[in-house]
Amino acid sequence: MPKILILNGPNLNLLGQRQPEIYGAQTLDDVADLCRATVGEGVDLQFEQSNHEGTLVDLIQAGRNDADAIVINPGAYSHTSVAILDALNAYDGPVIEVHISNIHKREAFRHHSYVSARADAVIAGLGTEGYAAALRRLMQLLG
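J.: Go over the overall build of the protein chain, please, and point to the residues and values.
T.: In terms of helices and strands, the protein chain carries 5 helices and 5 strands. Helices (α) and strands (β) of the protein chain occur, in sequence order from the N terminus, as β-α-α-β-α-β-α-β-β-α. A globule of 143 residues ought to have a C-alpha radius of gyration of about 15 Å, and the protein chain, at 14 Å, matches this closely. Expressed as lengths along the three principal axes of its C-alpha atoms, the size of the protein chain is roughly 40 × 30 × 25 Å. Counting the 143 residues in the protein chain, one finds 47% classified as buried. The long-range share in the protein chain, meaning contacts at least 24 apart out of those at least 6 apart in sequence, stands at 77%. Carbon and sulfur atoms form 47% of the exposed surface of the protein chain, whose accessible area is close to 6,800 Å². Taking the 10 positively charged and 17 negatively charged side chains of the protein chain as two groups, their mean positions are separated by 6 Å.

Given below as structure tokens:
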């Protein structure tokens with residue numbers, strides 16, 4: 001059974017409460033339910049969220065031993081974290097970066113993502129459906 005690690009960065013625990021005009025009304029629990037419904041019973045999903053950069057690095061490093069793929073929404077760490085990029089560079093499986101909003105239509109500092117340098121695909125602006133799109137692609141890759 002393939003295992004996919006889904007990582008969510010800072011402030012994503014506030015989905016549905018924080019700036020719904022940008023991020024929508026769905027909560028992070030809704031996103032987890034969407035992910036489980038997308039892959040069904042045949043995939044082990046590990047769904048995590050942290051506001052702490054080091055915790056995300058630890059989760060990525062732990063995934064080196066047991067995750068077949070990673071979906072990551074690094075939130076604001078996209079634009080600042082070389083540490084997360086370095087951890088992803090030490091991971092051998094496929095990585096898909098997801099952003100709920102279109103980061104390229106937002107403030108200029110959001111246009112660059114360190115994580116994109118490692119990601120096999122980047123999905124931005126599909127809302128929470130971006131997670132489902134990432135999982136469908138990973139299911140194709142993992143066959």
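J.: Break down the side chain of His99 for me, citing the residues and quoting the values.
T.: As for its placement among the helices and strands, His99 is situated in strand E4 (residues 95-99). Within the structure, His99 has its side chain in polar contact with the side chain of Glu97 (distance 2.6 Å). Residues within four places of His99 in sequence aside, it is in contact with Asn73, Pro74, Ser78, Ile123, Ala124, Gly125 and Leu126.

J.: Residues and numbers for unusual backbone geometry, please.
T.: Backbone geometry places Asn11, a non-glycine residue, at a positive phi of 75°. Relative to the assigned elements, Asn11 resides in the loop between strand E1 (3-8) and helix H1 (20-23).

J.: Could you give me a rundown of the sheet that holds E1, with the residues and numbers involved?
T.: One open sheet holds the 5 strands; their spatial order is E2-E1-E3-E4-E5, and the pairing between them is parallel. Either end of the sheet is taken by a strand with one partner, and the two such strands are strand E2 (44-49) and strand E5 (121-124). In this sheet, neighbouring strand axes are inclined to one another by 15° on average, regardless of whether the strands run parallel or antiparallel. Pairing between E1 and E2: 6 bridges, direction parallel. Directly across from Ile6, in E2, lies its bridge partner Phe47.

J.: Give a description of helix H4 (residues 82-89) that names residues and reports values.
T.: All of the buried residues in H4 are Ile84, Leu85, Ala87 and Leu88. End-on, the buried residues of H4 take up no more than an arc of 160°, which puts them together on one face. Summarising the contacts, the buried residues of H4 are in contact with helix H3 (53-66), strand E3 (69-73) and E4. Capping of H4 at its N-terminal end is provided by Ser81; its side-chain oxygen lies 3.4 Å from the backbone amide nitrogen of Ala83.

J.: Talk me through the environment of Ser81; I want residue IDs and the actual numbers.
T.: Along the polypeptide, Ser81 turns up in the loop between E3 and H4. Classification of Ser81 by relative accessible area gives buried; the value is 0%. Taking the C-alpha atoms as reference points, Ser81 and Ile123, 42 residues apart in sequence, are found 19 Å from one another. Among all residues touching Ser81, those that are not within four sequence positions of it are Glu53 and Tyr114. A polar atom in the side chain of Ser81 sits 2.4 Å from the side chain of Glu53. Within the structure, Ser81 has its side chain in polar contact with the backbone nitrogen of Ala83 (distance 3.4 Å).

Parameters and conventions
- Residues numbered from 1 in each chain as written.
- Predicted model: local features only at pLDDT ≥ 70, side-chain atom pairs only at ≥ 80, totals over all residues.
- Heavy atoms only, no water.
- Helix = DSSP H or I, 4+ residues; strand = E, 2+ residues; numbered from the N terminus.
- Rg over C-alpha atoms; globule rule 2.2 N^0.38 Å.
- Buried < 20%, exposed > 50% of the residue type's maximum accessible area, 1.4 Å probe, protein only.
- Contact = heavy atoms within 4.5 Å.
- Areas by Shrake-Rupley, 256 points an atom, 1.4 Å probe, with all protein chains shown as cover.
- Lys, Arg positive; Asp, Glu negative; His and termini not counted.
- Charge placed at Lys NZ, Arg CZ, Asp CG, Glu CD.
- Polar contact = N/O pair within 3.5 Å; in protein donor to acceptor, adjacent residues only side chain to side chain.
- Pairing = 2+ DSSP bridges.
- Axes fitted to C-alpha atoms, helices over the stretch in contact; angles between N-to-C directions.
- Arc of directions from axis to C-beta.

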